[in-house]
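# Secondary and tertiary structure notes
Below, each chain spelled out in residue letters.
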Amino acid sequence: MTTSEATAPAAPVAKKGPNAIGITIFVLLLFALPLLLPVVLPLLGGIITLKPNFMIFQLTLVIIYAIAILGLNIVTGYNGQFSLGHGAFYAIGAYTAAILMDKLDCPYWLTIPISGVVCLVVGFLFGLPALRLQGHYLALATFALALAVPQLLKYNHIEWLTGGVQGIVIIKPDPPFGIKAINADQWLYYLALVVACIMFWLAINLIRGRLGRAMIAIRDHPIAAEVMGINLTVVKSMAFGISAAYTGVAGALGAIAIAFVAPDSFTIFLSISFLVGLVIGGLASISGAIYGGIFIQFIPNVADAISKAAPWAIYGLFLIAAVYVMPTGAAGLIKQWQAKRRAAKQ
Amino acid sequence: MNGAQEALLSVRGVSVRFGGIRALDGVSFDVEKGRIVGLIGPNGAGKTTLFNCLSRLYEFQEGEIRYEGRSLVEVPRHGIASLGIGRTFQNLALFRTMSVVENVMVGGHCRTSTGYIANMLRLPSVKAEEAQLRAKAEELVRFLRLEHVAELPVGGLPFGYQKRVELGRGLISDPKLLLLDEPAAGLNHEELDDLGRTIMDIRDRLGVTVLLVEHHMSLVMSISDKVVALDFGQKIAEGTPAEVQNHPDVIRAYLGTG
């Protein structure tokens, strides 16, 4: 033992790895939610005046945004590549789904993986040249993408495909196999939830494996990562591609849930919202994507309920409060709180 | 052929220019298999520049570097590790947010091969590969006496610990050649003795050839089989520690008398 070893920090108390029991309970609760809501909402005695179905629809959107933010987290949180353009991938996913259903009568469920693959390819190809760009410059390039895509969708010569400014109306799917026990909104909720469970499981697996470590290594020290034998070109482009695929899957689910796509739903504001959700939820945190989804879906509504005149001023206050109270995101705050509780128990 | 004398690495007439400055000027020497070779020289002599040529971080304008008879110019930067060349950095280059074990595991990236789909589905092949890599990383963590901080992020660890993590990260890929860039910098006396023993262990127990850049003369002279001295980008001496220590050009370079 050398002298410096005596001053070393104590061994960690926290056990590594996801908490399997906690996650299972959380997921089961989410599956039971549509059945619980009609019972629970009246009990709250009018605190939440929303109809159960509309509430379910909003929760569906939370899940969809969580998938999109998880995608952004893969490239920005874990790989350190800044993207201001994920709204564009969301739009491409949504339009891929809408066009497939509108023009080719593709079953709605099949459009989800197809949109993912389309965005994987687009994201990978965008990621390749973007490799040469660092930090702020990459942010500008992705910003350009987010600006361009909604306008391109309105382009005259592809109006036959995209429906131009009008967009595309699609039919909201009914529950499969003629199931009568749940309505269309509840079915979409379950569809989004199942897709989200799969996407979160895949992401957790990716991040904890050799390629996830490679992504984080590149973020922390690119030169050392390369000396360790990590191919920066492949890993960074794949991070971009996979990230875009996640956001594309979210876009397809969003198109199906809203049953409508139009260019103006995918403005730069959507990209910024994803980034807001990412930072508020927690960078480089899987669960952070869920908190981020909740924030970008509900906080604008809450702000609107507080002040009809200046909802965005209220939203801004929420944002500033959030970054002050949770400098490492909601996930970071919860982690701290858990660590404190564990320490108190001992 | 005598195995111990076989050159694992041979550097021939390597020159590097940065603008008008010659950082390296026609440097040649061999690193024989199973040896510890010390590379010394005053600040700015070109030692780290040479290391960065070996890692392909810098391009050299003239000369040739051969490793196991193969020219390194053909190898991409990320391909060096899988050839069996590991290295540490003068100013720590760790992955700060990762734990000690994870940092060491990243060093094994070039020895693992599972792809994206297999990883995302966490197929049995991935689980097996991960378990094997982790076991090996934990073994190295014990070898370097870091087991009590194994799961802590490296960013908050004392300097001496971080240096050892770098060693572990460089060793996990079973390199044939390990490049150590000033491993003793910032260490106290006891740690220095420890380090000397560890480097000898690395050669004797793990069978790794070592090329060592170091300012600590007592360390270099006590463990090296051969010492190469650089000054202003040129080789000024090569030989046993005793020979180099007493070489007039080396004494002049260090004491600055002419």
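### Comments concerning the packing of helix α4 (residues 86-104) of chain A against helix α6 (residues 135-153) of chain A
Residue and element names in this part refer to chain A.
- Relative orientation of the contacting elements α4 and α6 amounts to 30°, with a least axis distance of 8 Å. By the criterion of interaxial angle, the relationship of α4 to α6 is roughly parallel. Each of Gly87, Ala88, Ala91, Ile92 and Tyr95 in α4 lies in contact with α6, whose residues at this interface are Leu145, Ala146, Val149, Pro150 and Leu153.
- Taken together, the residues of the contact of α4 with α6 break down into nine nonpolar, one polar and no charged.

### Let's talk about the interface of chain B and chain A
- Contact residues are listed per partner, giving 41 residues for chain B and 31 residues for chain A.
- Every element with two or more residues in the side of chain B that touches chain A is listed here: α2 (80-83), α3 (100-107), α4 (116-120), α5 (124-143), α6 (159-171) and α7 (189-204) of chain B.
- No other element matches α3 of chain B, which puts four residues into the side of chain B that touches chain A.
- Residue classes in the side of chain B that touches chain A are distributed as 19 nonpolar, twelve polar and ten charged.

### Topic: the environment of Trp201 of chain A
Residue and element names in this part refer to chain A.
- The residue Trp201 is located in helix α8 (residues 184-208) in this model.
- When the 15 C-beta atoms within 10 Å are taken as the criterion, Trp201 is described as partly exposed.
- Residues Trp201 and Ile286, spaced 85 residues apart in sequence, show a C-alpha to C-alpha distance of 9.8 Å.

### Topic: the pairing of strand β10 (residues 234-239) of chain B
Residues and elements named next belong to chain B.
- One ladder, built from five bridges, connects strand β9 (residues 226-231) with β10; its direction is antiparallel. In the sheet register, Ala229 faces β10, and the bridge partner there is Ala237.
- Here β9 folds back onto β10 in antiparallel fashion, the turn holding two residues, of which Phe232 has a positive phi close to 45°.

### Section: the domain arrangement of chain B
All names here are of chain B.
- Assigned domains of chain B: these are domain 1 (1-84 + 177-258) and domain 2 (96-174).
- Taking the mean C-alpha position of each, domain 1 and domain 2 sit 26 Å from one another.
- With nine residues of domain 1 at the interface, the matching set in domain 2 holds seven residues.
- Every element with two or more residues in the side of domain 1 that touches domain 2 is listed here: α2 and α7.
- Taken together, the residues of the side of domain 1 that touches domain 2 break down into six nonpolar, two polar and one charged.

Rules and cut-offs
Residues numbered from 1 in each chain as written. Chains lettered and ligands numbered in written order. Predicted model: local features only at pLDDT ≥ 70, side-chain atom pairs only at ≥ 80, totals over all residues. Axes fitted to C-alpha atoms, helices over the stretch in contact; angles between N-to-C directions. Helix = DSSP H or I, 4+ residues; strand = E, 2+ residues; numbered from the N terminus. Parallel < 35°, antiparallel > 145°, perpendicular 65-115°, else oblique. Contact = placed C-beta atoms within 7 Å. Nonpolar A, V, L, I, M, F, W, Y, C, P; charged D, E, K, R; others polar. Buried ≥ 20, exposed ≤ 12 C-beta atoms within 10 Å, placed from the backbone. Pairing = 2+ DSSP bridges. Domains from an automatic or database assignment.

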